[in-house]
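# Tertiary structure, described
Each chain, written out:
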Amino acid sequence: MKNYILLLMLIPVAFSSNSYSQEKKVASADKKYDNYAYINAIKTYERVANKGYRSEDMFKKLANAFYFNSQFDKAAKWYGELFTMNAQLESEYYYRYAQCLKSIGEIEQSNKMLDLFYEKSKNDARAKLYNNARDYYKEIKANSGRYKIEDAGMNSKYSDYGTAFYQNKIVYTTARDTGNFCQRKHKWTGQHFTNLYSSDIDKDYNSGKPQKFSAKINSKFHESTPVFTKDGKTVYFTRNNYIEGKKGKDANKTTLVKIYKSTLEDDKWNNITELPFNSDSYSSAHPALSPDEKTLYFASDMPGTLGQSDIYKVKIDKDGKFGSPENLGPTINTEGKETFPFVTDEDEIYFASDGHPGLGGLDVFMGKIDDSGVSNIQNIGADVNSSFDDFAYIIDTKSRRGYFSSNKEGGKGSDDIYKFLETRKLTCLQELFGDVTDLATGELLPNTKLSLYDNKFNLVDTVYSDPEGFYTFNVECRMIYNVRAEKEKYTTKEVSITIPKENGRTNLPIALEKSECVVTIGDDLGKCFGIKMIYFDLDKSDIRPEAALDLEKILDVLNQYPNMKLDIRSHTDSRQTFKYNEELSDRRAKSTIKWLVRNGINPNRLTGKGYGETQLVNGCSDGVECTEEQHQMNRRSEFIISAL
């Protein structure tokens, strides 16, 4: 019955830690570590900060480190310093600071921070919508296992489908014919023309004996897919282009289908009229009403349709007049068939489609309706859907019971009606994934602990990165999550992410910074703290404040390891004369040494030289056109360990 699409009657389906590892106490005489030094960077940050140096990045690291270790009093101190420097931070910092303030009794200030947190979270747009390649089978699997499904109890050996709720009954479409005399059959299908039947149903949706619904509505051609107003006095239904004994045809002399309306008077259905947007030239079918009954949804191949059939909506005013039909647009409609809409009081639209990725044939999908249209379309899973045609889904949102139709194997007829109980509601799902790497080297970090928290910092899930450093979480759309990564010898890091509102995959790579740097003779101590260069004013060799902050880190390590010696090397790019660059870099190296000596380091422990442009790390030599970023790679400072 699905083959004739929108022709004679397509009804059947045509529309159819620790936050950082414990500080290792390594004695210089400990032979098992040989000539390696384990340097706790966080402790250095704290000592530097306590000397009065201010850095937003440093305060974040300090505060987070204590927060993750539940040392809220210390965390509050550094969050306070952070907000003193910058009152406009990422939303998660407002929440953490509020929690810390609450823990130390500053309730009023905590509430103020919470107000700011929720205000910022509501408007957070860090994660923009983007299209990802979907793993459709994985999504379908995730959406499966939510239904208990049974034969509805009213099926025949013919086609039965297209249910509607009506008082304490179910009204449906069937190709059975109980007439004793003339039994009209459709030449194309060999089955009887469809009529509307009804059955009483109990609270568990068990059905009684089928009965013909209305002799006035049922004609000698097809009727199908009704929908009733809540008062039970008006019905919209699909029928072949046939009214008052006259059959309409298009230019090719084909009888299409239209939507009709009938009203109940004296317990009889009368006043059958076609809706004003119908036409002899195209089909309209499968009506569905919005909960407020001010909008009628339907399927059609009218002009403007994107595919074989699209889903439309039309306004119904308080006088019962209809507006102009509107196509629901490309989010829901495809070049294939979209059909059998059903709209719930939870702003959801269920529909059947062979254009959205599914298991084969028509699958049932669900989307969210909002002011901008339809979004967040999902396949509802393999309980309902199969490799056959699955369609005409309706649900009572209070009991979570309903019906759908399918021609899958195991039924009684070509199409059958199934009843269901939904045991778990469908939510928009995303896969949050990424890899965990070493910030300095890019090395993948397996067996890293990753904890997923919701926007109120309730723990949702915990996983460990696989041997390739890869992790995944199943998350809900539109939600804000925090991912915390913890690994021994690395500083714990937490990243906030807002999940897009559509199904898909969201990539969140995480790079961890070592909390303990393992260094030996010949290593660059600066890499331990991410020091790429010591900053000077243009053409000068005076230490700038931000350079002093980095030098404080080097100073702290030298004080921890009194036998350590450094060779300080300064490099430039090629954008000056060779002699100028050599002299400038040498002055800067000596200026760096002078600063360390002035702050207590024995000059015998320090050597230094400027290398100018003689040791470029890339091909950006004289005459070669390079970007600023490429030149920056050559402007660097190195603190090479010459003795331990």
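In case you missed it, the structure is sitting above this.
Reference entry: report on the structure contained in this document. The shown structure was predicted, so the numbers you read here are calculated from the model rather than taken from an experiment. (Residues numbered from 1 in each chain as written. Predicted model: local features only at pLDDT ≥ 70, side-chain atom pairs only at ≥ 80, totals over all residues. Heavy atoms only, no water.)

## Topic: the overall build of the protein chain
Broken down by element type, the protein chain carries nine helices and 35 strands. Counting only residues that meet the buried cut, the protein chain has 53% of its 644 residues in that class. Of the roughly 29,900 Å² of accessible surface on the protein chain, 47% is carried by carbon and sulfur atoms. (Helix = DSSP H or I, 4+ residues; strand = E, 2+ residues; numbered from the N terminus. Buried < 20%, exposed > 50% of the residue type's maximum accessible area, 1.4 Å probe, protein only. Areas by Shrake-Rupley, 256 points an atom, 1.4 Å probe, with all protein chains shown as cover.)

## Describing helix H7 (residues 545-560)
Given a rise of 1.5 Å per residue, 16 residues ought to cover 22 Å, and the 23 Å separating the end C-alpha atoms of H7 matches this to within 8%. Taken across its 16 residues, H7 has twelve buried, putting it largely inside the fold. If you check which residues of H7 are buried, you get Ala 547, Ala 548, Leu 549, Asp 550, Leu 551, Glu 552, Lys 553, Ile 554, Leu 555, Asp 556, Val 557 and Leu 558. (Expected span 1.5 Å × (residues − 1).)

## Describing a positive patch on the surface
Taken together, Lys 220, Lys 247, Lys 249 and Lys 253 make up a surface patch of like positive charges. If you trace the backbone, Lys 253 turns up in the loop between strand S10 (246-247) and strand S11 (257-265). (Patch = residues over 30% accessible without salt bridge, like charges linked within 9 Å, V, L, I, M, F, W, Y side chains within 5 Å. Salt bridge = Lys/Arg side-chain N within 4 Å of Asp/Glu carboxyl O. Lys, Arg positive; Asp, Glu negative; His and termini not counted. Charge placed at Lys NZ, Arg CZ, Asp CG, Glu CD.)

## Here we look at the sheet that holds strand S25 (residues 449-453)
Pairing within the open sheet is antiparallel, and its four strands lie in the order S26-S25-S28-S29. Across the chains shown, the open sheet's two edge strands, defined by having one partner strand only, are strand S26 (459-464) and strand S29 (493-498). Across the sheet, the mean angle separating the axes of adjacent strands is 20 degrees when strand polarity is ignored. In this structure, S25 lies alongside strand S28 (residues 480-486), joined through five bridges in antiparallel fashion. Bridged to Leu 452 within S28 is Val 483. (Pairing = 2+ DSSP bridges. Axes fitted to C-alpha atoms, helices over the stretch in contact; angles between N-to-C directions.)

## Some thoughts on the nonpolar core
Core analysis: the biggest nonpolar cluster contains 53 residues, and Leu 566, Leu 596 and Phe 639 have the highest contact counts within it. By residue number, the principal contributor to this core is H7, which donates eight residues. Setting aside its immediate chain neighbours within four residues, Phe 639 contacts Asp 523, Asp 524, Leu 525, Gly 526, Ile 531, Ile 534, Leu 551, Ile 554, Leu 566, Asp 567, Ile 568 and Thr 592. With 23 residues, the next largest nonpolar core counts Ala 152, Met 154, Val 384 and Ile 417 among its residues. (Core = buried A, V, L, I, M, F, W, Y, C linked by side-chain atoms within 4.5 Å. Contact = heavy atoms within 4.5 Å.)

## Regarding helix H8 (residues 578-598)
With 21 residues, H8 should cover 30 Å at 1.5 Å per step; its first-to-last C-alpha distance of 30 Å lies within 8% of that length. For H8, the elements touching its buried residues are H7, strand S33 (565-571), strand S34 (606-612) and strand S35 (637-643). Directly beyond the C-terminal end of H8, a positive phi value near 110 degrees is found at Gly 600.

## Things to note about the state of the cysteines
According to the stated counting rule, one finds one disulfide in the structure shown. The disulfide partner of Cys 620 is Cys 626, and the S-S distance across this bridge is 2.1 Å. Where Cys 620 bonds to Cys 626 through sulfur, the torsion about that S-S bond is close to -105 degrees, and the disulfide is left-handed. For the pair shown, Cys 620 and Cys 626 are each scored as buried. (Disulfide = S-S within 2.5 Å.)

## What about the pairing of strand S20 (residues 373-379)?
Summarising burial for S20: six of the seven residues are buried, a large majority. Sheet topology places strand S19 (residues 363-370) next to S20; five bridges connect them, and they run antiparallel. For Phe 365, the partnering residue across the bridge sits in S20 and is Asn 379. Linking S19 to S20, which pair antiparallel, is a turn of two residues.

## A few points about the sheet that holds strand S8 (residues 234-240)
Within the open sheet, the four strands sit side by side as S7-S8-S11-S12. Their pairing is antiparallel. Looking along the sheet, the strands with just one partner apiece sit at the ends: strand S7 (223-228) and strand S12 (268-274). Pairwise comparison of adjacent strand axes, ignoring direction, gives a mean angle of 30 degrees for this sheet. Of the strand pairs in this sheet, S8 and S11 are connected by seven bridges, and their pairing is antiparallel. Looking at S11, one finds that Val 235 is bridged to Ser 262.

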